[in-house]
Amino acid sequence: MSQLAEFELTLREMTMDLGGMRPFVCNGSPLECEVFIVGCNPATAMDTDFWSYWRVGHGFDKDAWLADYKAQRRNAGKREISPTRRAIEILIESCRPLKCLETNVFAEPSARQSDLGTAARSRSMLAFLVNAIEPRWIIAHGTIANAAVARLSGSAVRQYGRHLRLRRHDELREVGRRIASDHRTAR
């Protein structure tokens, strides 16, 4: 069994009976992601299940997910891209050629952090993802994510800061450029 297949099996077991959760978003295999972007929880709930975007032997199909995300927001009368999503995309683009995994402390979506129930707050897949993938960099944003990332073990370089939606786009581009530059220097 491939490493990706083993990862998928474990993740499926962890998410069984937890419909609506979004443990992460990435483009392709999460095992190739060297940068984690960690927030509190997804804000946009999706009508489609996380696993409908999973492709056996490939990983997560972000393009299909992003198209559905935009449609979901349009249908709800919202902007196609939230301020946080725009900031995440800028950061990901700035980190190239490194692959990024977007995840959260809690995988259950809610419009506001205060809407997260007690059950959702007791379930976190963050430690599993960090241990299974072993990213080289973790960018935490927001109070809850900063605290959760500070408690994690591992050797990843960690950056803590305000929520991404509150940061200037040029600041995010610089963060990504520094990470990509560090990667090139370390080679």
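For the structure, check the block above.
Values in this document were obtained by computation on a predicted structure and should not be read as measured data.

For the rest of this paragraph, the subject is the overall build of the protein chain. Within the protein chain one finds 7 helices and 7 strands. What you see in the protein chain, going N to C, is helices and strands ordered as α-β-β-β-β-α-α-β-α-α-β-α-β-α. Taken across its 187 residues, the protein chain has 49% of its residues classed as buried. Considering only contacts within the protein chain whose residues lie at least 6 apart along the sequence, 67% involve residues at least 24 apart. Entry remark: accessible area of the protein chain is about 9500 Å², with carbon and sulfur atoms responsible for 48%.

Of note, the amide linkage connecting arginine 96 to proline 97 takes the cis form, showing an omega dihedral of 15 degrees. By the element assignment, proline 97 lies in the loop between helix H3 (83-95) and strand E5 (100-104).

A word on the sheet that holds strand E6 (residues 137-141). The strands making up a sheet associate through hydrogen bonds between their backbones, and the pairing can be parallel or antiparallel. Strands sit in the order E1-E5-E2-E6-E7 across an open sheet of 5 strands; the sheet is mixed. A strand with exactly one partner marks an edge of an open sheet, and here the two such strands are strand E1 (24-25) and strand E7 (157-161). Relative to E5, E1 runs antiparallel, the two sharing 2 bridges. Note that in E5 the partner of valine 25 across the bridge is glutamate 102.

As a further point, take the nonpolar core. Within the largest apolar cluster, 38 residues are counted, with the highest numbers of intra-cluster contacts made by Phe24 and Phe60. Looking at this core, the elements with two or more residues in it are helix H1 (3-15), E1, strand E2 (35-39), helix H2 (62-75), helix H5 (126-133), E6 and helix H6 (143-150). For this core, the element with the highest residue contribution is H5, accounting for 5 residues. One finds Cys100, Trp137, Leu164 and Val175 within the second-largest nonpolar core, a separate group that totals 16 residues.

Running from amino to carboxyl end, H2 crosses H3 at an angle of 155 degrees, the nearest separation of the two axes being 14 Å. As judged from the angle between their axes, H2 and H3 are roughly antiparallel. Along this stretch, H2 crosses H3, giving a crossing that reads as left-handed. The residues of H3 that touch H2, namely those facing Lys62, Trp65, Leu66 and Tyr69, are Arg85, Glu89 and Ile92. For the contact of H2 with H3, a count of residues per class yields 4 nonpolar, no polar and 3 charged.

Reading the values: the criteria
Residues numbered from 1 in each chain as written. Predicted model: local features only at pLDDT ≥ 70, side-chain atom pairs only at ≥ 80, totals over all residues. Heavy atoms only, no water. Helix = DSSP H or I, 4+ residues; strand = E, 2+ residues; numbered from the N terminus. Buried < 20%, exposed > 50% of the residue type's maximum accessible area, 1.4 Å probe, protein only. Contact = heavy atoms within 4.5 Å. Areas by Shrake-Rupley, 256 points an atom, 1.4 Å probe, with all protein chains shown as cover. Pairing = 2+ DSSP bridges. Core = buried A, V, L, I, M, F, W, Y, C linked by side-chain atoms within 4.5 Å. Axes fitted to C-alpha atoms, helices over the stretch in contact; angles between N-to-C directions. Parallel < 35°, antiparallel > 145°, perpendicular 65-115°, else oblique. Left-handed = near helix turned anticlockwise from the far one by under 90°. Nonpolar A, V, L, I, M, F, W, Y, C, P; charged D, E, K, R; others polar.

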